[in-house]
Amino acid sequence: MLAAGLGTRMNSILPKVLHPIAGRPMILQLLDSLAEIEPDKIVLVIGPNMELVSDAVAAAGYHFEIVIQQDRLGTGHAVQQAQKSLLGFKGNVLVLYGDSPLITSKTLAKMLEARSSQNNPAVVVLGFKPLDRGEYGRLVLDKTGNLEAIVEATEASEDEILNDLCNSGVMVIDGTILLELVSKLSNKNIKGEFYLTDIIKISRQCGRDCSVVEGDEEELIGINSRVELALVETIIQDRLRESAMENGATLNDPSSIYFSYDTKVGQDVTIGPNVVFGPGVEICNGVTILAFCHIEGAFIEENAIIGPFARLRPGADIGENVHIGNFVEIKNSTLANGVKANHLAYIGDTRIGEKANIGAGTITCNFDGFKKSMTEIGARAFIGSNAALVAPVKIGQDSTIGAGSVITKDVEEGALAITRAKQKMVDNYVKKLRATKVEK
Ligand code: UD1
Ligand code: MG
């Protein structure tokens, strides 16, 4: 996997392959598709000072060998750097670009199949016919349809440049001859680079065939700029939306709903417009998510109703039939079945028992400026509007908290706790007040 490119056009201090699509670095999307065809090993070619890339790949649990390409002297040079890792390896070597993350395992499998066809091609190249051929290398075929050469756009003749079949960059190469092929590359060309694409001509000179598998442009878009990053994001979002709908979810306005790569959506889930899912969300069957919710790191059990305008943050564990209403924020909290928090609340670091009712404006004060503390609310407790529960604190089951209370001590089971000031009444106050004022 080649990922040593500088990605200059991204105009970013972050290595290009770490820019996220669907909530994770683009290179991990590609590695997941690769994992589906179960490679014997993965060799990652990165540039100097790109440890962030190897860190991210390692953190995702991948085993791989890392090769540093000190000077970026071309795609062929990049593959030459992997020589040590490939020495003695006799299988198929798949060359992928870290910045073309949409390729599917199905396409990769098709290429491997072509590699084992009867004429035993030394190289199978994934070609495609893009709408805009731009700077892509052009594939030159012989009369029998075998691949004769790849010509870079800058080096192409007037005839060759008109060729509509282009090089995606993805190749499968016979491992028994790969190192010999790349050792013969030269940099005598316009860019002064070692082009991996020249291995086609070299294979032919060695008497070996090369062939082409045609792929779909949508899978082969390379990301070189933020505009292309946004384009790839829309493609991957469409894939995620389609798969949610195929699995039995209703999306009221699919194009306004944003998923993460790992969002799990159950059957008969309904999702309203303008809902955004960050990573780590699982939604069980029958859940309704109304418009304008932002949800990440949350587990939502069957038939819960969330929103509109709710925010679920990491560690929100929402039980069956729970109702979460507008402007309610929940973080690192477990809500047992049937809890209701319908309006304007902050619930953080809290455990709430079954069927408790959290009134409008309730705040769990979980942070004292130094540390976070837990709030526990028992089953069927009724928390009146605008209560502040100062953690650590326990509210017993079946208890009631009077509206407007600031609760700093534990509340017994079944008790009423109320801390608000007594209401005063002044008779005829307004009349007396007005009598003292002169109208201007
Ligand atoms: C390459 C192909 C071109 C093809 C196009 C598809 C060559 C010579 N040309 O051109 O035929 O149509 O991809 O997108 O191969 N990289 C390194 N080290 C290097 C240079 C590149 O690791 O020294 C990596 C980059 O990070 C990138 C990939 O190789 O992932 C492709 O490099 P790039 O410079 O984008 O190649 P293109 O000029 O686009
Ligand atoms: Mg490129």
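Cut-offs used in this document
- Residues numbered from 1 in each chain as written.
- Chains lettered and ligands numbered in written order.
- Predicted model: local features only at pLDDT ≥ 70, side-chain atom pairs only at ≥ 80, totals over all residues.
- Heavy atoms only, no water.
- Helix = DSSP H or I, 4+ residues; strand = E, 2+ residues; numbered from the N terminus.
- Rg over C-alpha atoms; globule rule 2.2 N^0.38 Å.
- Contact = heavy atoms within 4.5 Å.
- Areas by Shrake-Rupley, 256 points an atom, 1.4 Å probe, with all protein chains shown as cover.
- Lys, Arg positive; Asp, Glu negative; His and termini not counted.
- Charge placed at Lys NZ, Arg CZ, Asp CG, Glu CD.
- Patch = residues over 30% accessible without salt bridge, like charges linked within 9 Å, V, L, I, M, F, W, Y side chains within 5 Å.
- Salt bridge = Lys/Arg side-chain N within 4 Å of Asp/Glu carboxyl O.
- Buried < 20%, exposed > 50% of the residue type's maximum accessible area, 1.4 Å probe, protein only.
- Phe/Tyr/Trp six-rings, centres within 6.5 Å; stacked < 30°, edge-to-face > 60°.
- Lys NZ or Arg CZ within 6 Å of the ring centre and 35° of its normal.
- Pairing = 2+ DSSP bridges.
- Near = heavy atom within 4 Å.
- Polar contact = N/O pair within 3.5 Å; in protein donor to acceptor, adjacent residues only side chain to side chain.
- Nonpolar A, V, L, I, M, F, W, Y, C, P; charged D, E, K, R; others polar.
- Core = buried A, V, L, I, M, F, W, Y, C linked by side-chain atoms within 4.5 Å.
- Domains from an automatic or database assignment.
- Buried area = accessible area lost by both parts, 1.4 Å probe.
- Arc of directions from axis to C-beta.

Right, let's get into the overall build of the chain. Within the chain, the secondary structure is distributed over 11 helices and 35 strands. The C-alpha atoms of the chain give 31 Å as radius of gyration, which overshoots the globular expectation for 440 residues (22 Å, by more than 25%). Seen through its C-alpha atoms, the chain measures out along the principal axes to roughly 105 × 55 × 40 Å. When contacts within the chain are restricted to residue pairs at least 6 apart in sequence, long-range pairs at least 24 apart make up 41% of them. Accessible surface for the chain amounts to roughly 22,100 Å². Of this, 51% is attributable to carbon and sulfur atoms. Averaging the locations of the 43 positively and 55 negatively charged side chains of the chain gives two centres separated by 10 Å.

This part takes up a negative patch on the surface. On the surface, a cluster of negative charge is contributed by Asp216, Glu218, Glu242 and Glu246. Its place among the elements puts Glu246 in helix H10 (residues 226–246). Classification of Glu246 by relative accessible area gives exposed; the value is 65%.

Turning our eyes to something else, we now look at the packing of aromatic side chains. Counted by the stated rule, this structure contains four aromatic pairs. The ring of Phe367 carries Lys372 above its face, with NZ or CZ at 5.4 Å from the centroid.

As summarised here, the arrangement of the three strands in space is E1-E4-E5, forming an open sheet in which the pairing is parallel. Strand pairing shows two members of the sheet lacking a second neighbour, strand E1 (2–3) and strand E5 (65–68), which therefore form its edges. The pairing of strand E4 (residues 43–46) with E5 spans four bridges and is parallel. Opposite Leu44, over in E5, you have Ile66 as the bridge partner.

Once that is clear, we can look at the site of ligand 1. Around ligand 1, the structure places 20 residues, and the nearest of them are Gly5, Gln69, Thr75, Glu152 and Asn167. At a separation of 2.7 Å, an oxygen atom of ligand 1 approaches a polar side-chain atom of Thr75. Asp99 places a polar side-chain atom, nitrogen or oxygen, 3.3 Å from an oxygen atom of ligand 1. Isolated, ligand 1 exposes 750 Å² of accessible area, and the fraction of that covered by the protein chains is 83%. Elements with a contribution of two residues or more to the shell around ligand 1: E1, helix H3 (75–81) and strand E10 (166–174). Considering only residue class, the shell around ligand 1 consists of eight nonpolar, eight polar and four charged.

Of all hydrophobic cores here, the largest spans 90 residues; its most connected members are Ile27 and Ile306. In terms of domain composition, this core takes at least three residues from each of domain 1 (8–220) and domain 2 (226–417). Those residues in contact with Ile27, other than ones at most four positions away along the chain, are Met1, Ala3, Val17, Leu18, Leu44, Val53, Val57 and Gly98. Ranked by size, the runner-up nonpolar core spans 31 residues in total, among them Val79, Leu139, Leu165 and Leu185.

What follows is about the sheet that holds strand E24 (residues 333–335). Ordered in space as E13-E16-E19-E22-E24-E26-E29-E32, the eight strands form an open sheet in which the pairing is parallel. Edge positions in the sheet fall to strand E13 (264–265) and strand E32 (393–395), since each has one partner strand and no second. Pairing geometry for strand E26 (residues 350–352) and strand E29 (residues 375–377), over three bridges, is parallel. Opposite Thr350, over in E29, you have Thr375 as the bridge partner.

The next point concerns the environment of Lys264. Among the structural elements, Lys264 can be located in strand E13. For the pair Lys264 and Asp209, spaced 55 residues apart in the sequence, the C-alpha separation amounts to 45 Å. Sequence-distant contacts of Lys264, that is, excluding residues within four places in its chain, are made with Val281, Glu282 and Ile283.

A few words on the domain arrangement of the chain. Domains assigned within the chain are domain 1 (8–220) and domain 2 (226–417). A straight line from the C-alpha centre of domain 1 to that of domain 2 covers 45 Å. Taken together, the contacts link 16 residues of domain 1 with 13 residues of domain 2. Buried surface at the junction of domain 1 and domain 2, summed over both partners, amounts to about 1,200 Å²; 62% is from carbon and sulfur atoms.

Looking now at helix H2 (residues 51–59). Every buried residue of H2 is listed here: Val53, Ser54, Ala56 and Val57. Buried residues along H2 cover an arc of 160° about the axis, so they all sit on one side. The secondary structure elements touched by the buried residues of H2 are helix H1 (26–35), E4 and E5. Directly beyond the C-terminal end of H2, a positive phi value near 90° is found at Gly61.

This paragraph deals with the pairing of strand E23 (residues 323–331). As paired strands, strand E20 (residues 305–306) and E23 are joined by two bridges and run parallel to one another. Directly across from Ile306, in E23, lies its bridge partner Ile324. Pairing analysis gives two bridges linking strand E21 (residues 311–312) to E23, with the strands arranged parallel. For Leu312, the partnering residue across the bridge sits in E23 and is Ile330.

With respect to the element layout, Asp142 can be found in the loop between strand E8 (138–141) and strand E9 (147–151). On the accessibility criterion, Asp142 (18% relative accessible area) is buried. Here Thr144 takes part through its side chain, which lies 2.8 Å from a polar atom of the side chain of Asp142. Those residues within four positions of Asp142 in sequence are excluded, and the remaining contacts are Glu148 and Arg204.

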